[in-house]
Amino acid sequence: MKRDNPAGVGAGTILRRKANGSFESSEDEVAIEAPLEIRLGNDPIAVTMRTPGHDAELAAGFLLTEGVIGGVNDLVDLVSDADESRLRVTLAAGNDITPESLQRFGTIAASCGLCGKARLEAIYQHLPPLDQGPALDIPWLLSLPERMRAAQGNFSRTGGLHAAALFDLASDVFILREDVGRHNAVDKVIGRALLDHLLPLNHHLLLVSGRSSFEIVQKALAARIALVASISAPSSLAVNFAREVGMTLIGFLRPPIFNVYAHVERLVAP
């Protein structure tokens, strides 16, 4: 198992109101949110508000899930500046991506990504539906939230971070990353898998601690993940998208219960 580090946590003095109405000075830890500018060479292509740490993974995952690259062989280098506020990407020779063609990204908030009619049409054109995919054992599925929660070290310290975990159905190994942004956490785990030459992730399950938005399921599709689950609710667009592309989408995974919103046929009852 690969775990996050405490780099994205900051501490400071606060005033805490107690039950009796009085106040006391106390130390508290908070999740750090800071901008990361992703550059293609010297040209900025996107800015994301993220929790510092694993920035190369974040950039790699972002470039893959946004369709800028098709695989790890398109990447030559990912280098952070000294102050870690910028990350420069070098693409392989022959790649025809230009900064001008990437202006659609702009500034990405920590809580959501990008969407729109043009975006949906481009996704349907470039990302084919998923194959039948792996079977999902229900008892194993029910064990995942506790395993993810036990590995969320920075959430335990701050209460302010989302988590994404990528579980390998064959080996039961998983990668977990935390971030102030749901989609950033997903980009980090997918980016780690990309850099480790694990794609396509067609025998993996993605579990997220928050809700499943369209952004989450779109990124899963780009990595060829057929199984997506969340502790919270999905959005209507995420449900419709999952149904169209052949993705199993599970929400409110709170053992012993959960809801299946799309493609229940992959679940195997005990």
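Please read these numbers as outputs of a predicted model, since none were measured by experiment.

Description of the packing of aromatic side chains
Working step 1: In total, this model carries 3 aromatic pairs according to the counting rule given.
Working step 2: Seen in terms of ring centroids, tryptophan 140 and phenylalanine 167 are 6.1 Å apart; in terms of plane orientation they differ by 85°. Their pairing is edge-to-face. Of this pair, tryptophan 140 sits in helix α3 (residues 138–151) while phenylalanine 167 sits in strand β9 (residues 162–168), and the two are 27 residues apart along the sequence. Just as tryptophan 140 is buried, phenylalanine 167 falls in that class too.
Working step 3: Aromatic pair phenylalanine 214 and phenylalanine 241: ring centres 5.2 Å apart, planes at 80°, arrangement edge-to-face. You can see phenylalanine 214 sitting in helix α6 (residues 214–222) and its partner phenylalanine 241 sitting in helix α7 (residues 236–245), a full 27 residues away along the chain.
Working step 4: Judged by its relative accessible area of 5%, phenylalanine 214 falls in the buried class.
Working step 5: Among the aromatic side chains, those forming a connected cluster through ring pairs are Trp140, Phe167 and Phe174.

Describing the confidence of the model for the protein chain
Working step 1: Of the residues in the protein chain, 80% have a pLDDT of 70 or more, and the chain-wide mean is 84.
Working step 2: Within the protein chain, the element-level pLDDT minimum falls on strand β7 (residues 106–108), averaging 47, and the maximum on strand β12 (residues 227–230), averaging 98.
Working step 3: A low-confidence stretch, residues 1–5 stays under pLDDT 50, and its non-local contacts, those more than four residues away or across chains, total 21 contacts.
Working step 4: Counted against residues more than four places away or in other chains, residues 106–117, with its pLDDT under 50, gives 30 contacts.

Observations concerning the pattern of salt bridges
As a working rule, side chains carrying opposite charge can pair if their charged atoms are close by.
Working step 1: Using the criterion set out here, one finds 12 salt bridges in the structure.
Working step 2: One salt bridge connects aspartate 179 with lysine 188, and the closest N-O pair in it is separated by 2.7 Å.
Working step 3: Given the relative accessible area of 1%, lysine 188 is considered buried.
Working step 4: Linking aspartate 187 and lysine 219 is a salt bridge whose minimum nitrogen-to-oxygen distance equals 3.0 Å. One end of the pair, aspartate 187, is in helix α5 (residues 182–195); the other, lysine 219, is in helix α6, with 32 residues separating them in the sequence.
Working step 5: A relative accessible area of 1% means that aspartate 187 is categorised as buried.
Working step 6: Connected through shared salt-bridge partners, Glu57, Arg177, Arg192 and Asp196 make up one network.

With respect to helix α1 (residues 55–65)
Working step 1: Summarising burial for α1: 10 of the 11 residues are buried, a large majority.
Working step 2: If you check which residues of α1 are buried, you get Asp55, Glu57, Leu58, Ala59, Ala60, Gly61, Phe62, Leu63, Leu64 and Thr65.
Working step 3: Backbone geometry just after α1 places glycine 67 at a positive phi near 80°.

What counts, and where the lines are drawn
- Residues numbered from 1 in each chain as written.
- Predicted model: local features only at pLDDT ≥ 70, side-chain atom pairs only at ≥ 80, totals over all residues.
- Heavy atoms only, no water.
- Phe/Tyr/Trp six-rings, centres within 6.5 Å; stacked < 30°, edge-to-face > 60°.
- Helix = DSSP H or I, 4+ residues; strand = E, 2+ residues; numbered from the N terminus.
- Buried < 20%, exposed > 50% of the residue type's maximum accessible area, 1.4 Å probe, protein only.
- pLDDT = per-residue confidence, 0-100.
- Contact = heavy atoms within 4.5 Å.
- Salt bridge = Lys/Arg side-chain N within 4 Å of Asp/Glu carboxyl O.

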